Amino acid sequence: MSNHLIHTPDAAALEHLAHRAVSELPQIFRDHLGDVVFRVQDFADSEMLHAVGLSDPWALLGLYHGRPFGQQSIWSTGEMPSIISLFRRPLLAECHRRGVSINDMVTHVIVHEVGHHFGLSDADMHRIEDES
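Residues numbered from 1 in each chain as written. Predicted model: local features only at pLDDT ≥ 70, side-chain atom pairs only at ≥ 80, totals over all residues. Heavy atoms only, no water.

(A) Quick look at the layout of surface pockets. Of the pockets and cavities examined, the largest pocket occupies roughly 480 Å³. Along its surface, the largest pocket is lined by 19 residues, and Leu 60, Gly 62, His 112, Glu 113 and Asp 122 are the ones closest to its centre. Counting residues per element, the ones that place at least two in the lining of the largest pocket are strand 2 (62-65), helix 4 (88-98), helix 5 (102-117) and helix 6 (122-131). It is helix 5 that contributes the most residues to the lining of the largest pocket, five residues altogether. (1 Å grid on protein atoms, 1.4 Å probe; cavity = no way out; pocket = protein on both sides within 12 Å on 5 of 7 lines; lining within 4 Å. Points joined across faces, edges and corners; volume = space filled by probe spheres on them. Helix = DSSP H or I, 4+ residues; strand = E, 2+ residues; numbered from the N terminus.)

Right, here's the structure in full:
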């Protein structure tokens, strides 16, 4: 009997993929992401889900939390940095469901969440994706 191990990326591996996805963005965007924190956890917590009107933790792949870049001010002191969270288990399930690589899925989610950092809505991003 053979023992086939399937490599499932851990949080550190996904964080590495997220940073690689950011490094591939145009410089003009990277210049404004220096203070954004990237983190990976297995699932969104109930507060995160509630913030986006969801109840199913499998339905959320990533989340931007913070003040969009265009609304930031030097007068806003003491605020927590903006955070882009990736949710490992839903990401892996979505990769399997769509038949895409984890690298491609992480890149897609990072680009989407970076869009929120620059003030784009979900509708804006869907329109951009439909045009390309």
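(B) Structural detail: the environment of Trp 58. Mapped onto the secondary structure, Trp 58 falls in the loop between helix 3 (46-51) and strand 2. If near-sequence neighbours (up to four positions away) are discounted, Trp 58 is found in contact with Phe 43, Arg 89, Pro 90 and Ala 93. (Contact = heavy atoms within 4.5 Å.)

(C) Just the environment of Cys 95, in detail. Tracing the sequence through the fold places Cys 95 in helix 4. Along the chain, Cys 95 and Met 105 lie ten residues apart, while their C-alpha atoms are 6.5 Å from each other. Not counting the four nearest positions on each side in its chain, Cys 95 is found in contact with Val 100, Ser 101, Ile 102 and Met 105.

(D) Representation of the side chain of His 117 within the structure. Mapped onto the fold, His 117 is located in helix 5. The buried category is assigned to His 117, whose relative accessible area is 2%. A distance of 3.0 Å separates a polar side-chain atom of His 117 from the backbone oxygen of His 32. (Buried < 20%, exposed > 50% of the residue type's maximum accessible area, 1.4 Å probe, protein only. Polar contact = N/O pair within 3.5 Å; in protein donor to acceptor, adjacent residues only side chain to side chain.)

(E) View of the nonpolar core. Core analysis: the biggest nonpolar cluster contains 22 residues, and Leu 14, Ile 84, Leu 86, Leu 91, Ile 102, Val 106 and Ile 110 have the highest contact counts within it. Of all the secondary-structure elements, those providing two or more residues to this core are helix 1 (11-23), strand 1 (37-41), strand 3 (83-87), helix 4 and helix 5. Counting residues per element, this core draws most heavily on helix 5, which supplies six residues. When near neighbours in sequence (up to four residues on either side) are disregarded, Ile 84 contacts Val 36, Val 37, Phe 38, Arg 39, Leu 63, Tyr 64, Ile 110, Glu 113 and Val 114. (Core = buried A, V, L, I, M, F, W, Y, C linked by side-chain atoms within 4.5 Å.)

(F) Seen up close, the sheet that holds strand 1. Across the sheet, three strands lie side by side as 1-3-2; this open sheet has mixed pairing. Edge positions in the sheet fall to strand 1 and strand 2, since each of these pairs with one other strand and no more. Across the sheet, the axes of successive neighbouring strands diverge by a mean angle of 20°, strand direction being ignored. As paired elements, strand 2 and strand 3 share four bridges and run antiparallel to each other. By the bridge assignment for strand 3, Gly 62 is matched with Leu 86. Along the sheet, helix 1 makes contact with strand 1 and strand 3, crossing strand 1 at roughly 145°. (Pairing = 2+ DSSP bridges. Axes fitted to C-alpha atoms, helices over the stretch in contact; angles between N-to-C directions.)

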